[in-house]
Structures are given as structure tokens and as C-alpha cells.
Amino acid sequence: MSEGVSRPLLMVPGPVEISPEVSAAHSGSPIGHLSDDLVAAHGRALEQMRQIWQAPADAQPFIVAGSGTLAMEMAAANLVEPGAKALVVNTGYFSERMMEILRRYGARVSSVDAEPGYAVPLSAIEIALHRNKPDSVFVTHVDTSTGVRMPAQAVGELAHRYGALTVVDGVCATGAEPLSMDSGSVDVYVSSSQKALGLPPGLALLVVNDKALDARDKLSSLPPYYLDYLAWRPVMQAYEAREKMYFATPATNLVRATPIAFNEMLCDVFGETQGIEARWRRHAHVAKALNQAWRALRLQHVCERSEDRGVTLSALRYSSKIGPELVSAICRQGVIVAGGLHPKIKNTYFRVGHMGWSITQVDFLVRTVRAIANGLRECGEAVSPDEAVAELEAGLKN
Ligand SMILES: *Cc1c(COP(=O)(O)O)cnc(C)c1O
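Residues numbered from 1 in each chain as written. Predicted model: local features only at pLDDT ≥ 70, side-chain atom pairs only at ≥ 80, totals over all residues. Heavy atoms only, no water.

Chemist: For this particular structure, what's the right way to read the pairing of strand β6 (residues 165-169)?
Modeler: One face of the sheet, then the other: side chains in a regular strand alternate in exactly this way. β6 sits mainly inside the fold: five of its five residues count as buried. Bridge count between strand β5 (residues 136-140) and β6: five bridges; the pairing is parallel. If you follow phenylalanine 138 over to β6, its bridge partner there is valine 167. One ladder, built from three bridges, connects β6 with strand β7 (residues 188-192); its direction is parallel. Bridging from a neighbouring strand, valine 168 pairs with tyrosine 189 of β7. (Buried < 20%, exposed > 50% of the residue type's maximum accessible area, 1.4 Å probe, protein only. Helix = DSSP H or I, 4+ residues; strand = E, 2+ residues; numbered from the N terminus. Pairing = 2+ DSSP bridges.)

What follows is the structure, encoded as C-alpha cells:
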């Protein structure tokens, strides 16, 4: 298949489409892990992470080969020890994963749960904090299985009032949803390359503040070798100082592409804003415009309350007449979307990712809306593709 003509468009909630510049930097023969190019790119990427995460100077950014799950596991391995109490704010699939990881590190895990499609109210979190007195609180910023967003900083502030450290899973949010580690309300913010950061899969990225670094120092037993902050920290510090150091081989070509993707984000301009704030606002703007198209297609969100909905994906219910065959019908129209993921409601909805570089490409958004509209028609729904696209375009102009 020739690139760009017949290749289907990947519009799932990660991995996402990447820019031609990022793709070019990622391709080609491997570059050496001690080459000047790698050291320069790695150092630059760590500096840019400080901007994207809005991290204080004494926080440590990490880039480690692995997926988002590795970043979640690193956060757990360096914070909890057997018997420690962890509270998970459970909004869906990835919160459940976090609970399982925490149990494997011996934590006593409690959770405060929401039904699929609902956020957990801060009042319920406060009751759990009061009752359980956890050492740490884990929350998913945007739940990829339902589209629910939690006010991560507010959860962190609340947790701090009860003396707990806060870990936020930003895998489906970092670079798209506002969050500032400078505020001090979040201690560890984890992410991965293939979602709103607009890179191929393969990197776990996290920023850890001084309090969470201290917690690692105080652990009574060592974390797993590859996951230890203390193993990686000197290497990250060396790269930022543009010095060579080895602990374990980085994903060199992916690291070479990283500053290019980050630069695209940090050079964004949207209205009066620039940089990461502009990128955040652009995501919100695109989500709202897509929402107008969904309304024209009579598609309902799994998360009904718009104020609880993330901007990086749409989790949309099938009508009573349609089921998962819609996903294949949309695929036949040249756009790949994802099926349901939350085990309780898996077969009742589908998901469309709209994050990272993809959202800067209006033609991707138009193709996505048109493919979904045509897929719905193929499944017997009387909807108008032109009307849906017109709604999207009107929304994008506002
Ligand atoms: C995708 C995702 C993960 C898992 O990331 P992998 O890269 O697949 O390991 C974790 N949490 C959230 C919120 C995600 O969206």
C-alpha cells in the first residue's frame, strides 16, 4: 500500500498518528547509545519534559524504554513496600491495572469506585482518605476505557491534606490535559510515548518530585533492578548535562524522535496562548468540535457529564440497532477506531482517539467523522455525513 493514499488512518486512543518529521527521525539505522546525537537528543528531551510536565527544578524526569505500564510499575515499585496502604481512585480499566500492580508490591490496596462513565466525587475520596489513612493515592487522569477525566490536581491537594503522596496516571492525558507539577499537588506523573505526546510506542516517561524521590530513599527493600529510580537518575542527570553514561540501552531511535515531537507541542500557538498551554487548549477545542459532529450523528458519550469528560478520546455508545460490527464498518471506510474496553460495558460502545499531532491535522478529523458517519449508514442508521462534517468544521472555526 502506498503511504498516505490507501493506508488506513489510526484514530484509536493510542498509538496515534505521528508527524512525518517524527517518523523520519525514528526510522533508519540504529544510532549508538553513546553517540553525540543520542546524548544531545536525550538531554533535550528531558529538558522539554520539564516544560510539558511544568516540573519544579528539583523534580526528576525519566525516559525509560518500555510502555505506559512500565511507567505505572516504576511509580509503584519506588513508592510502596509490603504493608503500605494505597488508595486507588477507580474510574476503570487502568485503575484496576494499577490496583493489581500495587498488590504485587505487597501494598494493602483499597479503592473508591465509580460506575463506568462516572467520575469519583472528591467527597467520596475524602471519606476514603479519612477512613483508610493511605500512604499514597493513585488516580487515572483520563480513563481510556470510558473517557472519564478526574481533576487530578484537586485529588492531589486533598491527598496531601491527609498526608498521602499522589501518583497520577497521565498515559492518556499528558500533553493534552492541563496539569502542572509546579503546583506541588502531584508527586509522580507518569505517561508513555504513544498517546497525546505524539510519538511511536516504546517509551515510559515520568516526572518524580523531591518528596517521591525521598520516599524511594526510605524504602527498606530494593525495587526491581530495571525499575529503580536510583539506577536511572544518574544517567538522566548525565544526559541533561550532555554527558555519556550507561545503565541500560535506551530506545535510541525513539529517543532521537522525542525532542522533535516535543518541539511540535512546545511551538504550538492557539489564540493568545503558546507552548504547552496552547496544546492543551487545542485539544479541548478539537474535542468540542468533534462533539458537535457526534451530536449530528446522534452518538451519545459513555460519560454523559461534559465536565467529567477528557479531551483525548470519545467513548461513544452504539444505538440499540448496532453493535461492535460498527467498528469494522468504520475500518472499511479507511479509519481505525477501537472497540469498548471497560469489561462491564465492553460491547456497548466504541472509542475514537483524538490526541497528539493528529489533532493538528484537520483532514484527519474530517476523514474520521466522515468514516464514522458512513459506517453508521452501512449499519442502517439514517445519518448525514455532510451534515456531521459541516458541524465539525463549524466547531473548529469557533
Ligand atoms: C494506554 C494506557 C495505559 C497503558 O499503557 P501501555 O503503553 O499500553 O502499557 C495505562 N494507563 C492509561 C490511562 C492508558 O491510557
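Chemist: Sorry, what's going on with helix α7 (residues 210-217) here?
Modeler: Every α-helix carries 3.6 residues per turn, so stepping three or four residues along brings you back to the same face. Looking at α7, one finds that the buried residues are Ala212, Leu213, Ala215 and Arg216. For α7, the angular spread of the buried residues around the axis is 155°, confining them to a single face. The opening residue of α7, the one whose side-chain oxygen lies 3.1 Å from the backbone nitrogen of lysine 211, is asparagine 209. (Arc of directions from axis to C-beta. Polar contact = N/O pair within 3.5 Å; in protein donor to acceptor, adjacent residues only side chain to side chain.)

Chemist: Would you explain the packing of aromatic side chains in this entry?
Modeler: Two aromatic rings, taken as a pair, are described by how far apart their centres are and by the angle between their planes. Applying the stated criterion across every chain yields a total of eight aromatic pairs. Note on tyrosine 226 and tryptophan 232: the rings are 5.4 Å apart at their centroids and 85° apart in plane angle, and the pair reads as edge-to-face. With a centroid separation of 4.9 Å and 85° between ring planes, the pair formed by tryptophan 232 and phenylalanine 247 is classed as edge-to-face. Separated by 15 residues along the polypeptide, tryptophan 232 in helix α8 (residues 229-240) and phenylalanine 247 in the loop between α8 and α9 (252-266) bring together distant segments of the chain. (Phe/Tyr/Trp six-rings, centres within 6.5 Å; stacked < 30°, edge-to-face > 60°.)

Chemist: What's the story with the environment of alanine 75 in this structure? I'm lost.
Modeler: The topology assignment puts alanine 75 in helix α3 (residues 68-77). Taking the C-alpha atoms as reference, alanine 75 lies 24 Å from alanine 41; in sequence the two are 34 residues apart. What alanine 75 contacts, discounting residues up to four positions off in sequence, is Val167, Val188, Val190, Leu206 and Tyr229. (Contact = heavy atoms within 4.5 Å.)

Chemist: Got a minute to help me understand unusual backbone geometry in this structure?
Modeler: The general pattern is negative phi for most residues beyond glycine and trans for most peptide bonds. A cis amide bond links glycine 14 to the next residue, proline 15, at an omega of 0°. Topologically, proline 15 is positioned in the loop between β1 (9-10) and α1 (20-26). At glutamine 54, a position not held by glycine, the phi torsion is positive, near 50°. Relative to the helices and strands, glutamine 54 resides in the loop between α2 (36-52) and β2 (60-65).

Chemist: What am I meant to see in helix α5 (residues 122-132) here?
Modeler: Residues of α5 that are buried: Ile125, Ala128 and Leu129. Seen along its axis, α5 keeps its buried residues to an arc of 100°; they face one direction. In this fold, the buried residues of α5 make contact with β3 (85-90), β4 (108-113), β5 and α6 (152-161). At the C-terminal side of α5, lysine 133 shows a positive phi close to 45°.

Chemist: How do you make sense of the pairing of strand β8 (residues 203-208) when you look at a structure like this?
Modeler: β8 sits mainly inside the fold: six of its six residues count as buried. Of the two faces of β8, the one carrying Leu203, Leu205 and Val207 and the one carrying Ala204, Leu206 and Val208 are both buried. Where β2 meets β8, six bridges bridge the pair, whose relative direction is antiparallel. Considered in β8, the bridge of isoleucine 63 is made with leucine 205. Direction of pairing for β7 relative to β8: antiparallel, over a ladder of five bridges. Among the inter-strand pairings, tyrosine 189 is bridged to a residue of β8, identified as valine 207.

Chemist: Looking at this structure, I do not really get the packing of helix α11 (residues 325-332) against helix α12 (residues 362-378). What am I missing?
Modeler: Helix-helix packing is described using two parameters, namely the angle between the two axes and the distance between the axes. It is the contact of α11 with α12, at a shortest axis distance of 8 Å, that shows an interaxial angle of 125°. Accordingly, the angle class assigned to the pair α11 and α12 is oblique. The way α11 lies across α12 gives a crossing that is right-handed. On α12, the residues touching Leu326, Ala329, Ile330 and Arg332 of α11 are Ala371, Ile372, Gly375, Leu376 and Glu378. Class assignment for the residues of the contact of α11 with α12 results in six nonpolar, one polar and two charged. (Axes fitted to C-alpha atoms, helices over the stretch in contact; angles between N-to-C directions. Parallel < 35°, antiparallel > 145°, perpendicular 65-115°, else oblique. Left-handed = near helix turned anticlockwise from the far one by under 90°. Nonpolar A, V, L, I, M, F, W, Y, C, P; charged D, E, K, R; others polar.)

Chemist: Sorry, what's going on with the site of the ligand here?
Modeler: The full set close to the ligand counts 14 residues, and Ser67, Thr69, Thr144, Asp169 and Lys195 are the nearest of them. In this structure, glycine 68 approaches the ligand through a main-chain N or O atom, which is 2.8 Å from an oxygen atom. In the complex, the protein chains occlude 89% of the 380 Å² of accessible area that the ligand would expose alone. It is α3 that provides the largest number of residues to the shell around the ligand, a total of three residues. Taken together, the residues of the shell around the ligand sort by class into five nonpolar, seven polar and two charged. (Near = heavy atom within 4 Å. Areas by Shrake-Rupley, 256 points an atom, 1.4 Å probe, with all protein chains shown as cover.)

Chemist: What should I look at first to understand the environment of proline 15 in this one?
Modeler: A relative accessible area of 32% places proline 15 in the partly exposed class. With 183 residues separating them in the primary sequence, proline 15 and glycine 198 have C-alpha atoms 8.4 Å apart. Not counting the four nearest positions on each side in its chain, proline 15 is found in contact with Leu10, Gln194 and Pro201.

Chemist: It is not clear to me how the sheet that holds β2 should be interpreted in this structure. Could you clarify?
Modeler: Sheets are built from strands paired through backbone hydrogen bonds, the pairs being either parallel or antiparallel. Here seven strands make up an open sheet; going across it, the order is β2-β8-β7-β6-β5-β3-β4 and the pairing mixed. The sheet is open, and its two borders are formed by β2 and β4, each paired with just one other strand. Taken over all neighbouring pairs, the strand axes of this sheet differ in orientation by 20° on average, direction set aside. Along the sheet face, α2 touches β2 and β8 and points at about 130° away from the line of β2. Sheet strands in contact with α6 are β3, β5 and β6, and its direction is about 160° off that of β6.

This is a description of form; function is not addressed.
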